[in-house]
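What follows is each chain in one-letter form.
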Amino acid sequence: MEPYRIKVVEPIPITTRDYRERRYAEAGYNQFNLTAEDVTIDLLSDSGTGALSAEQQAAGMRGDETYAGARSWFRFREVAEELTGYEHIFPVHQGRAAERILFGALLKPGQLSVGNTHFDTTRANVELAGGVVRDLPCAAAADLDSDADFKGDIDLVALEAVLDGPEDVGLVLMTITNNGGGGQPVSMANLEAVKKLCRKRGVPFFLDAARFAENAWLVTQREEKYRGHSPREVAKLAFGMADGCVVSLKKDGIVHIGGMLALRDTELAKRCELLLIATEGFRTYGGLSGRDLDMCAQGLIEVTDPLYLRERAESTAYLAECARQAGVDSVRPAGVHAVYLNAGRLLPHIPSSRFTGHALASELYLAGGIRCAELGSLYLGEIDESGELLTPAPFELVRLAIPRRVYTRSHLEYVAETLAGIAKNPERVPGYRLTEAPAMLRPFRCRLEQVQP
Ligand code: F0G
């Protein structure tokens, strides 16, 4: 059960199918155009959507809004240093700011950033800095149904080949857990091997540690060597292997806004500090208020609580299992922050060109007021200006991201029941056609209409 009780509540909108059909049509069948009033259960993102604890609220009240050298900064730095072991800690307003600063200071034009799977803002920031992204997910990641423990790992043979090849590698970036790759964890053995390969060649090795605690939890459950370890011990060992990290604290910091860049190298830190002051804020607040820094510090302490992590992991696995029993498969094994539904398998009558993943996400909204994100051809496929699909995505997935400490198991059961209802008559679900298909940031800006596939 949840190892906490509810102290403050917020009503959620309970709407009718008629209402949702009207609102979704007005929204151009794009869930990003819906408003909070339209959504009953919001599984669009686990980022910045968590519930604060009483201790975080209290920490917020102690926030010190001094411009430079605030007490909040020293409290934040102490916790971040203790957790990561890095000497140079820079607060930023969210993860992508840390990415922009790191790549801006580190990458030379044409250099590679090699990783297990870069998140989309991370990829964009590498490219904006003039770099080139190379994703090398391990082979097991391609099999959605395999129960391999660490499908978030990088392919070490491919990594070694790139590092020994003619290309100029600027850095290696391991994303823990691997959000772009089904929320799958990365093993400590894989991180250790990456560290060795990088050390030998003098290539800097960084973590994108947005979900570092959830990765650490899965390591304690799945990797023999770490069974007796606490998640915090594992997290510290993981940070210890890398040269630094970029972190969106909106995930495992359990705050509504916040991020961090942390580094060992003093020369690199000097270059980053310059970019930080120019674009985010002075080095002791970096775009955050004192209140935010104090709440981040407290969140970074709470997030490695094994009772909290166990319940979160188990409730995500429970949702995946309820869905499976109702006939809806998802990427196996279940991760922690999200369930990635296999829409392609559930809706074989809808071809990728009619956006299978979007069709399932849409039906979840129309049937139950549940909002979630498509991770299929609408998002990852190649599409021309008229909206026709040229190259489909490898899989048609739908991500149900679970906000931290927000929904109870009974909410998740409601999601599973809604899925079960859809799975009874999947052939009734319509496909979609793009009516507006902007070339850039398409999922956030496009409009669609329903079509019979
Ligand atoms: N890295 C990973 C692995 C992420 O999942 C995200 C954000 C970021 C970096 C960027 O952090 O949003 O604080 O700037 N992921 C959110 C999501 C948006 O819904 O998965 P940010």
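Residues numbered from 1 in each chain as written. Predicted model: local features only at pLDDT ≥ 70, side-chain atom pairs only at ≥ 80, totals over all residues. Heavy atoms only, no water.

Things to note about the domain arrangement of the chain
Our working rule: For the domains described, the bounds stem from an automatic or database domain assignment. Only heavy atoms matter for contacts: two residues are in contact if any of them lie within 4.5 Å across the pair. Put simply, buried area is the surface a 1.4 Å probe can reach on two separate parts but cannot reach once they are joined, added for both. Note on definitions: salt bridges are taken to be side-chain nitrogens of Lys or Arg within 4 Å of carboxyl oxygens of Asp or Glu. In protein, a polar contact means a hydrogen-donor-capable atom and an acceptor-capable atom, both N or O and within 3.5 Å, with residues adjacent in sequence counting only if both atoms are side-chain atoms; elsewhere, any N or O pair within 3.5 Å suffices. Helix and strand assignments come from DSSP, with helices taken as H or I runs of at least 4 residues and strands as E runs of at least 2, each series counted from the N terminus.
By domain assignment, the chain separates into domain 1 (17-39 + 306-451) and domain 2 (54-302). Between the C-alpha centres of domain 1 and domain 2 the distance comes to 28 Å. Taken together, the contact between domain 1 and domain 2 spans 23 residues of the former and 27 residues of the latter. Between domain 1 and domain 2, roughly 2,200 Å² of surface is buried when both sides are summed, and carbon and sulfur atoms account for 52% of that area. Viewed at the interface, domain 2 and domain 1 are joined by 6 salt bridges. Of the charged contacts, one joins Glu302 and Arg405 as a salt bridge, the two residues approaching to 2.8 Å between their closest N and O atoms. Taken together, the links from domain 1 to domain 2 amount to 17 residue pairs in polar contact (both at pLDDT 80 or more). Listing elements by their share of the side of domain 1 that touches domain 2, those giving two or more residues are helix H12 (306-325), strand E9 (338-342) and strand E14 (397-401). Per-element tally for the side of domain 1 that touches domain 2: the top contributor is H12, with 6 residues.

Things to note about the site of the ligand
Stated precisely, the cut-off is as follows: The criterion for a residue being near a molecule or strand is simple. One of its heavy atoms has to lie within 4 Å of it.
Arg96, Asp208, Ser248, Lys251 and Arg399 are the nearest of the 16 residues found near the ligand. At a separation of 2.6 Å, an oxygen atom of the ligand approaches a polar side-chain atom of Ser248. A distance of 3.0 Å is found between a nitrogen atom of the ligand and a side-chain nitrogen or oxygen belonging to Lys251. Residue contributions to the shell around the ligand peak at 3 residues, all from helix H4 (residues 95-106).

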